Amino acid sequence: MNHPAFASNHVAVVTGAASGIGLAAARRFAGLGMNVVLADLPGERLDKAAEETAAISPHGPSSVIAIAADVSSTDSLTALEAGAIARFGRVHVLMNNAGIQPGSSMFSAQDAWEKVFAVNLWGVINGSRIFAPAMIAHGQTGLIINTGSKQGITTPPGDPAYNVTKAGVKAFTEALQHELRNTPGCNITAHLLIPGFVYTGLTANGRTEKPAAAWTSQETVDFMMQSLKGGDFYILCPDNDVARPTDEKRILWAAGDIIENRPPLSRWHPDHADAFKAFLTKDRPKIR
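The structure displayed is predicted, hence computed values, not measured ones.

K.L.:
Teacher, can you tell me more about the overall build of the protein here?
P.N.:
Broken down by element type, the protein carries eight helices and seven strands. Relative to the 2.2 N^0.38 estimate, which gives 19 Å for 288 residues, the radius of gyration of the protein is 19 Å and therefore close to what a compact globule would have. Referenced to the eigenvectors of the C-alpha coordinate spread, the extents of the protein come out at roughly 60 × 40 × 35 Å. Within the span of the protein, comprising 288 residues, buried residues form 48% of the whole. Restricting the contact set of the protein to residue pairs at least 6 apart, pairs at least 24 apart contribute 68%. Measuring between centres, the 25 positive side-chain charges of the protein sit 7 Å from its 26 negative side-chain charges.

Set out below in structure tokens:
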């Protein structure tokens, strides 16, 4: 049994739905008999994704639509909500999944940083803020799922703009869930999807075949659905290379930089690299 928000004829809106995790989620929702709105930049990819998704729906093509949307624009997101409600009525599931990863360096061009922030962070913030009030008001069970990243938790060197936006998504989604659970009569909950290594257009980097270490988008959505059924807020996905115990230790070590007063990103610091390797081989310390 799935989470009750995924009931037949309920409505799901997915951003970044033309490919990858977003498309896999849209297809899963349609297969459950939901009415699905696929949102992405306009073009052949979005149209094809909607056709593929509609073919899966037991209710036929009328239950799936594509709406071109730019999540970096509040006007576009407002129009997306209006279009979804006009076609299907109240929204039960919002998946703020759109994201970009063009790569960044600390002193790279300002416009590159601003583009990543506009999509990855403001797209999630504005999408949640625009859709949530009506979702709360209709009184039915629903979900807001925001796609974060492990890079927003352990913040490895190499792509600071992406890391900062995903760290922001984590902090915002935590605050959103706190707000929702303290809102009288609210039946909407927020959840943070934290994918592992997933083979998508965002991560392909020129590869045409899925690396053995990576999960597929479908496997990630399978894990997400199972976690949502259990009520998890942090949906921390493993992959074929990194199991959950390793993720937990990496996250604990990152938090320990503050507690132990180590240099930031000490996992990659030459004076602490051996200690981190030793930490990985120990039993995970219990948290009290």
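K.L.:
Would you explain the pattern of salt bridges in this entry?
P.N.:
Pairing between side chains becomes possible if they bear opposite charge and their charged atoms approach one another. Within the structure shown, the criterion is met by six salt bridges. The partner of Glu52 in a salt bridge is Arg27, with the nearest N and O atoms 3.7 Å apart. One end of the pair, Glu52, is in helix H2 (residues 44-56); the other, Arg27, is in helix H1 (residues 20-31), with 25 residues separating them in the sequence. In this structure, Arg244 and Glu248 form a salt bridge, with 2.8 Å as the shortest nitrogen-oxygen distance. Highlighted residues: Arg244 and Glu248, both in helix H7 (residues 244-259), separated by four residues, approximately one helical turn.

K.L.:
For this particular structure, what's the right way to read the sheet that holds strand E3 (residues 64-68)?
P.N.:
Two strands in a sheet stick together by hydrogen bonds in their backbones, pointing the same way (parallel) or opposite ways (antiparallel). A sheet is described by the order of its strands in space; here seven strands give the open sequence E3-E2-E1-E4-E5-E6-E7, paired in parallel fashion. This sheet does not close on itself; its edge strands, each paired only once, are E3 and strand E7 (234-236). Neighbour-to-neighbour, the strand axes of this sheet turn through a mean angle of 15°, independent of strand direction. For strand E4 (residues 93-96) and strand E5 (residues 142-147), the ladder comprises four bridges, and the chain directions are parallel. Each bridged residue has a counterpart across the sheet, and for Leu94 the counterpart in E5 is Ile144.

K.L.:
Can you walk me through the packing of aromatic side chains in this structure?
P.N.:
How two aromatic rings sit relative to each other is set out by the distance from centre to centre and by the angle between their planes. Applying the stated criterion across every chain yields a total of six aromatic pairs. Relative to Tyr234, the ring of Phe233 lies with its centre 4.6 Å away and its plane at 90°, an arrangement referred to as edge-to-face. Taken together, the aromatic side chains of Trp253, Phe276 and Phe279 make up a single cluster linked through ring pairs.

K.L.:
Where do I start with unusual backbone geometry in this structure?
P.N.:
Leaving glycine out, the prevailing phi sign among residues is negative, and the prevailing peptide bond configuration is trans. Despite not being glycine, Thr155 has its phi angle at roughly 45°, a positive value. Following the sequence through the fold, Thr155 ends up in the loop between E5 and helix H5 (160-181). We classify Thr155 as partly exposed; its relative accessible area is 27%. Notably, Asn261 is not glycine yet its phi reads approximately 55°, a positive angle. Assignment of secondary structure puts Asn261 in the loop between H7 and helix H8 (273-281). Among the residues examined, Asn261 registers a relative accessible area of 69% and is labelled exposed.

K.L.:
I tried to follow the packing of helix H3 (residues 74-88) against helix H4 (residues 110-138) on my own but got confused; where do I start?
P.N.:
In a packed pair of helices, the relevant descriptors are the angle between the two axes and the axis-to-axis distance. Relative to each other, H3 and H4 sit at 35°, their axes nearing to 10 Å. Where H3 crosses over H4, the two elements pack in a sense that is right-handed. Here Thr74, Leu77, Thr78, Leu80 and Glu81 of H3 come into contact with H4, specifically with Gly123, Asn126, Gly127, Ile130, Phe131 and Ala134. Broken down by class, the residue content of the contact of H3 with H4 amounts to five nonpolar, five polar and one charged.

K.L.:
Hey, could you run me through the packing of H4 against H5 in this one?
P.N.:
The contact between H4 and H5 brings their axes to 8 Å, and the two run at 15°. On the basis of their axis angle, the class for H4 and H5 is roughly parallel. The crossing of H4 and H5 is right-handed. Contacts between H4 and H5 involve Trp113, Val116, Phe117, Asn120, Leu121, Val124, Ile125, Ser128 and Ile136 from the former and Pro160, Ala161, Tyr162, Val164, Thr165, Lys166, Gly168, Val169, Phe172, Leu176 and Leu180 from the latter. For the contact of H4 with H5, the class distribution of residues is 15 nonpolar, four polar and one charged.

K.L.:
In this structure, what is going on with the pairing of E5? I would like to understand it.
P.N.:
Along any regular strand, the residues point their side chains to alternate faces of the sheet. Counted residue by residue, E5 has six buried out of six residues, so it is predominantly covered. Along E5, one buried face is formed by Gly142, Ile144 and Asn146 and the opposite face, lined by Leu143, Ile145 and Thr147, is buried too. Crossover E4 to E5 through H4 is right-handed. Bridge analysis of E5 against strand E6 (residues 188-194) gives six bridges, and the strand direction is parallel. Residue pairing in the sheet places Asn146 in a bridge with Leu192 of E6. This β-α-β element, E5 to H5 to E6, shows right-handed connectivity.

The rules behind the values
Residues numbered from 1 in each chain as written. Predicted model: local features only at pLDDT ≥ 70, side-chain atom pairs only at ≥ 80, totals over all residues. Heavy atoms only, no water. Helix = DSSP H or I, 4+ residues; strand = E, 2+ residues; numbered from the N terminus. Rg over C-alpha atoms; globule rule 2.2 N^0.38 Å. Buried < 20%, exposed > 50% of the residue type's maximum accessible area, 1.4 Å probe, protein only. Contact = heavy atoms within 4.5 Å. Lys, Arg positive; Asp, Glu negative; His and termini not counted. Charge placed at Lys NZ, Arg CZ, Asp CG, Glu CD. Salt bridge = Lys/Arg side-chain N within 4 Å of Asp/Glu carboxyl O. Pairing = 2+ DSSP bridges. Axes fitted to C-alpha atoms, helices over the stretch in contact; angles between N-to-C directions. Phe/Tyr/Trp six-rings, centres within 6.5 Å; stacked < 30°, edge-to-face > 60°. Left-handed = near helix turned anticlockwise from the far one by under 90°. Nonpolar A, V, L, I, M, F, W, Y, C, P; charged D, E, K, R; others polar. Parallel < 35°, antiparallel > 145°, perpendicular 65-115°, else oblique. Right-handed = clockwise from strand over helix to strand, strands pointing away.

Keep in mind that these numbers describe shape and distance, not what the molecule does.
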